[in-house]
Amino acid sequence: MEPQIKQEEQEEERSNPQKLLWMFTLATIMKLLLIPSYHSTDFEVHRHWLALTSSLPLHQWYSDSTSQWTLDYPPLFAYFERLLALFAPFIDPQIAHLHNGLNYAAPTALLFQRLTVIASDLCLLYACSRLRTRPGLGLDSWRADLIWVLLVFSPGLLIVDHVHFQYNGFLIGWLLVSVSAVEEGRDLVGGRSGGGVVEGFGRLLKMGFVVGVVFGVAFGPFLYYGQIKAVLSRMFPFGRGLCHAYWAPNFWVFYIILDKVLAVLLTKLGFSIPASSASFTGGLVGESSSFAVLPKITPLVTFLLVLFAMSPCLIKIWREPRPRLITRWVAYAYTCGFLFGWHVHEKASLHFVIPLAIVATESLADARQYFLLSIGFTQRLRKLQTSTSSAKKGDKERSRKGTGGTKEEGGGTLIGWVGMSYLLGLLAVEIWGQFLQPYLLGDRFPFLPLMLISVYCAVAFDSQHGTKN
Amino acid sequence: MKLASFHQFETEKMEKRRRSTSSSSSSSSSKKHDGEDDAHSHHILHRPISPLLCVIVFAVLIRYLVSLHPYSGAADPPKYGDYEAQRHWMEITLNLPAKDWYRNTTSNDLTYWGLDYPPLTAYQSYVHAQFLKFFDPESVALVTSRGHESPLGKFLMRLTVLSSDLVIFFPAALWFVFAYYGGRSRVRREELLWHLSLVLLNPGLILIDHGHFQYNCISLGLTVAAVAAIFVEKDLVGSFLFCLALNHKQMSAYYAPAFFSHLLGKCFKHQNPILKVAKLGLVVLGTFLLIWWPYVYPLKGAMEVLRRLAPFERGIYEDYVANFWCTTSILIKWKRLYSMQLLKLLSFSMTLLSILPSIIQQIRSPSRQGFLFAMLNSSLSFYLFSFQVHEKSILLPLLPASLLALDEPLMFQWFMNYALFSMFPLLRRDQLLIPYVALYMLFALLYYCPFRKQDSSGNGSVNGWKASAMALFLLCSLLLHLIYLTLKPPEKYPFLFEAMIMLLCFSQFVFLAIYSNMKQSKLPSRFVWIDKKKVL
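If you check an unreviewed UniProt entry, chain B appears there as Alpha-1,3-glucosyltransferase from Stephania cephalantha. On record in UniProt, under Subcellular location (unreviewed entry), the comment for chain B is "Endoplasmic reticulum membrane". The UniProt entry for chain B carries this comment under Pathway (unreviewed entry): "Protein modification; protein glycosylation."

As named in an unreviewed UniProt entry, chain A is Alpha-1,3-glucosyltransferase, taken from Stephania cephalantha. Among the UniProt annotations of chain A, the heading Sequence similarities (unreviewed entry) holds the following wording: "Belongs to the ALG6/ALG8 glucosyltransferase family."

**Q** Where do I start with the overall build of chain A in this structure?
**A** What chain A contains, in helices and strands, is 21 helices and zero strands. With 469 residues in all, chain A has 43% of them scored as buried.

**Q** How should the overall build of chain B be read in this particular structure?
**A** Across its full length, chain B carries 24 helices and zero strands. Per-residue burial over chain B gives 42% buried out of 536 residues. A separation threshold of at least 6 residues defines the contact pool for chain B, and within that pool the share at least 24 residues apart is 74%.

**Q** What should I look at first to understand the confidence of the model for chain A in this one?
**A** Detailed reading of the predicted model is not advised wherever pLDDT is low. All names here are of chain A. Mean pLDDT over chain A: 64, with 40% of residues reaching 70 or higher. Mean pLDDT across the secondary structure elements of chain A bottoms out at helix α19 (residues 389–410), with 37, and peaks at helix α6 (residues 107–120), with 90. A low-confidence stretch, residues 378–420 (pLDDT under 50), is modelled with 87 contacts involving residues beyond four sequence positions or located in other chains. Across residues 461–469, confidence stays below pLDDT 50; counting only partners more than four residues off in sequence or on other chains, it has 13 contacts.

**Q** What's the story with the environment of Val199(B) in this structure? I'm lost.
**A** Residue and element names in this part refer to chain B. Mapped onto the secondary structure, Val199 falls in helix α7 (residues 189–200). Between the alpha carbons of Val199 and Leu404 there is a distance of 9.6 Å; along the sequence they are 205 residues apart. Excluding anything up to four places from it in sequence, Val199 contacts Ala173, Ser402 and Leu403.

**Q** Looking at this structure, I do not really get helix α18 (residues 368–385) of chain B. What am I missing?
**A** Counting along an α-helix, one turn takes 3.6 residues, and residues three or four places apart therefore face a common direction. In this model α18(B) runs 26 Å from its N-terminal to its C-terminal C-alpha over 18 residues, within 8% of the 26 Å that 1.5 Å per residue would give. Counting buried positions along α18(B) yields 17 of 18 residues, so the element is predominantly enclosed.

**Q** Can you help me understand the UniProt feature "transmembrane region" (unreviewed entry) in chain A in this one?
**A** Feature annotation in UniProt assigns "transmembrane region" (unreviewed entry) to the following positions: residues 20–39, 111–129, 141–159, 204–226, 297–318, 414–433 and 445–461 of chain A. Helix makes up 95% of residues 111–129 of chain A and strand 0%, with an end-to-end C-alpha separation of 27 Å.

**Q** It is not clear to me how unusual backbone geometry should be interpreted in this structure. Could you clarify?
**A** Trans is the prevailing form of peptide bonds, just as negative phi is the prevailing case for residues other than glycine. Note that the residue after Pro77(B), namely Pro78(B), is joined by a cis bond; omega there is 5°. Relative to the helices and strands, Pro78(B) resides in the loop between α3 (51–66) and α4 (82–95). Its identity as a non-glycine residue notwithstanding, Phe165(A) has a phi of 90°, on the positive side. Exposure remark for Phe165(A): the 22 C-beta atoms within 10 Å place this residue in the buried category.

**Q** Looking at this structure, I do not really get the packing of α3(B) against α7(B). What am I missing?
**A** Residues and elements named next belong to chain B. Put simply, α3 and α7 touch, their axes get as near as 10 Å, and they point 15° apart. On the basis of their axis angle, the class for α3 and α7 is roughly parallel. When you trace α3 past α7, the crossing you get is right-handed. Here α3 contributes Pro51, Leu52, Val55 and Ala59 to the contact with α7, which in turn contributes Leu193, Leu196, Ser197 and Leu200. Considered class by class, the residues forming the contact of α3 with α7 number seven nonpolar, one polar and no charged.

**Q** How should I be thinking about the packing of helix α20 (residues 409–429) of chain B against helix α23 (residues 496–521) of chain B in this particular structure?
**A** Axes are the key here: two packed helices are described by the angle between their axes and the distance separating the axes. Residue and element names in this part refer to chain B. In the contact formed by α20 and α23, the axes pass within 9 Å of each other and the chain directions differ by 155°. The orientation of α20 relative to α23 falls into the category roughly antiparallel. Note on packing geometry: the crossing formed by α20 with α23 is left-handed. Listed contacts from α23 to Met411, Trp414, Phe415, Tyr418, Phe421, Ser422, Phe424 and Pro425 of α20 are Glu498, Ile501, Cys505, Gln508, Phe509, Leu512, Tyr515 and Ser516. Partitioning the contact of α20 with α23 into residue classes produces twelve nonpolar, three polar and one charged.

**Q** Explanation requested: the confidence of the model for chain B in the structure shown.
**A** Taken over all residues, the pLDDT of chain B has a mean of 84, while the share at 70 or more is 85%. Under a pLDDT of 50 for its full length, residues 527–536 of chain B has, in the predicted model, four contacts with residues more than four places off or in other chains.

Conventions we followed
Residues numbered from 1 in each chain as written. Chains lettered and ligands numbered in written order. Predicted model: local features only at pLDDT ≥ 70, side-chain atom pairs only at ≥ 80, totals over all residues. UniProt positions renumbered as here; feature names shortened; annotations may be inferred. Helix = DSSP H or I, 4+ residues; strand = E, 2+ residues; numbered from the N terminus. Buried ≥ 20, exposed ≤ 12 C-beta atoms within 10 Å, placed from the backbone. Contact = placed C-beta atoms within 7 Å. pLDDT = per-residue confidence, 0-100. Expected span 1.5 Å × (residues − 1). Axes fitted to C-alpha atoms, helices over the stretch in contact; angles between N-to-C directions. Parallel < 35°, antiparallel > 145°, perpendicular 65-115°, else oblique. Left-handed = near helix turned anticlockwise from the far one by under 90°. Nonpolar A, V, L, I, M, F, W, Y, C, P; charged D, E, K, R; others polar.

As structure tokens, then:
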């Protein structure tokens, strides 16, 4: 009996890149099968960027407005699109044509673009393989396998990248590479690859010089052409308002709710309140909504709040930098940005859910947090796709799969009663949105279910945030 | 009982795992986190939430993902494809009385996808039609719904296949795995899971049912359930289930010789053979009577149905099937040279002749493995030699091969390669190239799963020239895939590549038939488990 166990142990201990490759290919199969599934307008956005970057000279990238989907990601992403556009003509030249390609969604275009997402996920594969080899962390193989499963089969990534259509796998892979580099103590590499990540990660890595060089490479050409102002105004669209059309479940949701409640109460009490014409529930992007009672929130306020929320963590890192905990801090910083940021899109929550996956394997409490967050997150994403019922079904399957995957190693009941009631509540909200709402209210309040989900998840996310401190 | 032992096995395994992991984690992680870590790994590993569930959920997920792709004959009027055929049957069964289902009437034009499967398919169509009618009545309205295509309709139709699969094929596969390995104590849990996932994720079956659109999962699922029932000594239940399968798709008759010979052989081993045969006969008759009830009286109705089920007028072969008749027709023009009657006789006698060894083996010494081999051999013989075979019929021999996957992994892999390849032109026509590639990859992944510890007995390895020959054939198949996808055939021979594919697959199927017949004949003549039962 004993020798047999020993042999098994050895086999399990064997660090096995084959396993990762196997899992990744399995995920790739699922991604391939997802090619004909529903895709959002982001598909056209990215197709247009392919055309834009390949047919216009660099200095017009951020000023062109052929389509309403103007380029609003940082330059490195634009270079990435330029690179992808090199391959498009081999499949179908119309894909990267600036004018003829508008709203082009032929099977060839779909195939090509989906394949670019699938191929760019190789970055995630590389990140995963690096995580395994982090030295000095005592990462036993059982735990590394778990991290891999959570990353490679992340339902959030599958839905946002391969159904909804984005390149988050690539970006998060990049982020994880930089995180793992910092953990290993190679700060410069970390700083450099961190610069590539889209949304404000650079602030955490104060490697001035390298950061400067990377930013120089990224923004230099635009500075040279005098386009920097156009670039910045596209990247930071303060005009779009505090909240995105589909509300992200963050702190501002409460703020708006409080405002509404106060407005109603005060009107009842006899004060005259200027009607704000349902500006937040109307789902409009592009107008800076005003509050009825509470003070107006400006971008500066949100920025200060984010900084304030981050400060405990930043100070702590400042005092005793511990490379080991970098993943945790990155996730924390992202959460702060998500909760208090200006015009946050709910998809941004991917960026802290994924790093949390890695942290989750380190202790029970973290695993619980990850489990709840990822479920909430998966459910929330469903509302992105209110147009096709089949896609919804797919999501359900996928979130079930996600649960299955977590359960496999995480254990189903570790979530405790608070978590359980949270999940049940979520189910109730879902049922309301899917079935009861159409019967009871008809076509009125089309955004009510979305709002409910947002509020509900905001409660959950905020409390998660609380426990994380 | 079996489930209990399975669980015990599982916990034992988990216990081992737990010990090994907790020791390694305490040695490697820092002191400060020790307590927490231990509690964590303990918690994780103590609850053996079944990987079984994961396999099942994953199999459902893959089916659903494949179903997002086009079906056969999508947007291709006027005849469309199998999807329209199935939808049309729902329309007919929902709106007409059972007597008229197989009869040419003003509202039932038999030349437009007339019902040509046995009554159980018709009943199944009726049930599914009720479901469709509830959500989308237009899609099953009489006559006006012809060629009906809509996203909702597609979704609902796909759902009917998925639910049939879940209700029939999945439980059957589970039952089979527990029944087959129930008696064997040596088989490890991983092996069992591996086998189950191979059976559930059979790419051919998924592509045809959830891509192309058919309900093979029902008849094949019933067959698997029948096999499982016979393995747990419930022969009467087994023959009842197999009769259901026969009455869902007449193609299930490919297995009939195997069932017949195995059950007969078992009866002979019984103390009172005549009584046992009589019981089995009664069950078979009763089941048929039950299913054919609306057509039994007057007998003319039954004859009408029967004529619909055996469409001899279609000729001995169609398209490019990798069977004997079609392949040899390159040299001998069967259809022109001989009369239909003669061809019928010829194909019947050749089929029977090729099945004979396997039947005799099972009558003389029925055994579990032998039974599965007999199923494989008889269905493969039918595929190769019988009258009017379709490419999709390769699913029938593929099923017993998948049930034998753990005993004969190499054979299964070999077979799967060419079975898939033989359906490649068909699936390509259906625009199912992406799922074809994806599921092919999935099969390869499952077959070479790194989480599965290879058996040291070396069952799956071959040596020397055999391996290189197989590699050569695989290379041929890969090249032909690429040629078929990229090159245009010469004007003079528009079906040149199809013919080449057919030739390659046919040659491999013949090798396979010879191999598996030899395997079956080499099985021990007096199998142990029957004796053991008697002693017990």
